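Descriptive structure summary
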Amino acid sequence: HTLSVKYVQDDVNVVSDLEISSSNPEDLLNLCRDRGWSSSVLFVDTDDIFPENITAAADKIPHINLMPVYGLNVNSMLKHQTLVLTKRAAERLTEKLLFALNRNDIAKTWEKSREGPTDVKPKLD
């Protein structure tokens, strides 16, 4: 729901990559301002290691953060007004959401969870 609300509020943006020309924090703030993003931005990509310039610039700005897509969570999205995804991150997120919406084994998963393990072998030493 959080992602849907951010989308409706026009607070989700997709960019090709996170390469910026300077490691100066002021340049990153100006970029955010010029694109109409808020001063609280979460940049999301598929890799753990982000480009050097945006990493250095964001490190000096407390309300701008970088996160790999696998770490994206509701708290992080709520903490930041603007969510900026790379195209790859948006595609990965879409894949995960579509998988969750269309999986047909969910009843089995819930049943296993409710019943607990069926084969328990105590470890005796």
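It should be emphasised that the depicted structure is a prediction, and the values quoted were computed from it without experimental measurement.

A few points about the pattern of salt bridges
- In this structure the tally under the stated criterion is 3 salt bridges.
- We note a salt bridge from Asp-45 to Arg-88, for which the minimum N-O separation is 2.8 Å. Taken together, the positions of Asp-45 in strand E2 (residues 41-45) and Arg-88 in helix H5 (residues 87-102) put the pair 43 residues apart, joining distant regions of the chain.
- Overall, Asp-45 belongs to the buried group, its relative accessible area being 5%.
- A salt bridge links Lys-87 to Glu-91; the shortest N-O distance between them is 3.2 Å. Highlighted residues: Lys-87 and Glu-91, both in helix H5, separated by 4 residues, approximately one helical turn.
- It is possible to trace a salt-bridge network through shared partners that takes in Asp-45, Asp-47 and Arg-88.

Looking at the environment of Leu-31
- Looking at the secondary structure, you find Leu-31 in helix H2 (residues 25-34).
- Classification of Leu-31 as partly exposed rests on a relative accessible area of 25%.
- With 11 residues separating them in the primary sequence, Leu-31 and Ile-20 have C-alpha atoms 9.2 Å apart.

Concerning the nonpolar core
- By size, the foremost hydrophobic cluster in this structure holds 15 residues, and its most contacted members are Leu-28, Cys-32, Trp-37, Val-41, Phe-43, Ile-54 and Ile-64.
- Counting 12 residues, the second-largest nonpolar core is a separate cluster that includes Leu-42, Met-67, Val-69 and Leu-85.

Description of the side chain of Thr-46
- Along the chain, Thr-46 turns up in the loop between E2 and helix H3 (52-59).
- In this structure the side chain of Thr-46 is engaged in a polar contact, spanning 3.4 Å, whose partner is the side chain of Arg-88.

Comments concerning the pairing of strand E4 (residues 82-86)
- Across the 5 residues of E4, 5 count as buried, placing the element largely inside the fold.
- One ladder, built from 4 bridges, connects strand E1 (residues 12-15) with E4; its direction is parallel. Pairing of Val-14 across the sheet is with Leu-85, part of E4.
- Of the strand pairs in this sheet, E2 and E4 are connected by 4 bridges, and their pairing is parallel. Counted as the bridge partner of Phe-43 is Val-84 from E4.

Observations regarding the layout of surface pockets
- Here the largest pocket is characterised by a volume of approximately 230 Å³.
- Taken together, 13 residues make up the lining of the largest pocket; nearest its centre are Leu-3, Leu-72, Met-77, Leu-93 and Leu-97.
- The set of elements that each furnish at least two residues to the lining of the largest pocket consists of helix H1 (2-8), helix H4 (74-79) and H5.
- A class-by-class count of the residues in the lining of the largest pocket yields 8 nonpolar, 4 polar and 1 charged.

What counts as what
- Residues numbered from 1 in each chain as written.
- Predicted model: local features only at pLDDT ≥ 70, side-chain atom pairs only at ≥ 80, totals over all residues.
- Heavy atoms only, no water.
- Salt bridge = Lys/Arg side-chain N within 4 Å of Asp/Glu carboxyl O.
- Helix = DSSP H or I, 4+ residues; strand = E, 2+ residues; numbered from the N terminus.
- Buried < 20%, exposed > 50% of the residue type's maximum accessible area, 1.4 Å probe, protein only.
- Core = buried A, V, L, I, M, F, W, Y, C linked by side-chain atoms within 4.5 Å.
- Polar contact = N/O pair within 3.5 Å; in protein donor to acceptor, adjacent residues only side chain to side chain.
- Pairing = 2+ DSSP bridges.
- 1 Å grid on protein atoms, 1.4 Å probe; cavity = no way out; pocket = protein on both sides within 12 Å on 5 of 7 lines; lining within 4 Å.
- Points joined across faces, edges and corners; volume = space filled by probe spheres on them.
- Nonpolar A, V, L, I, M, F, W, Y, C, P; charged D, E, K, R; others polar.

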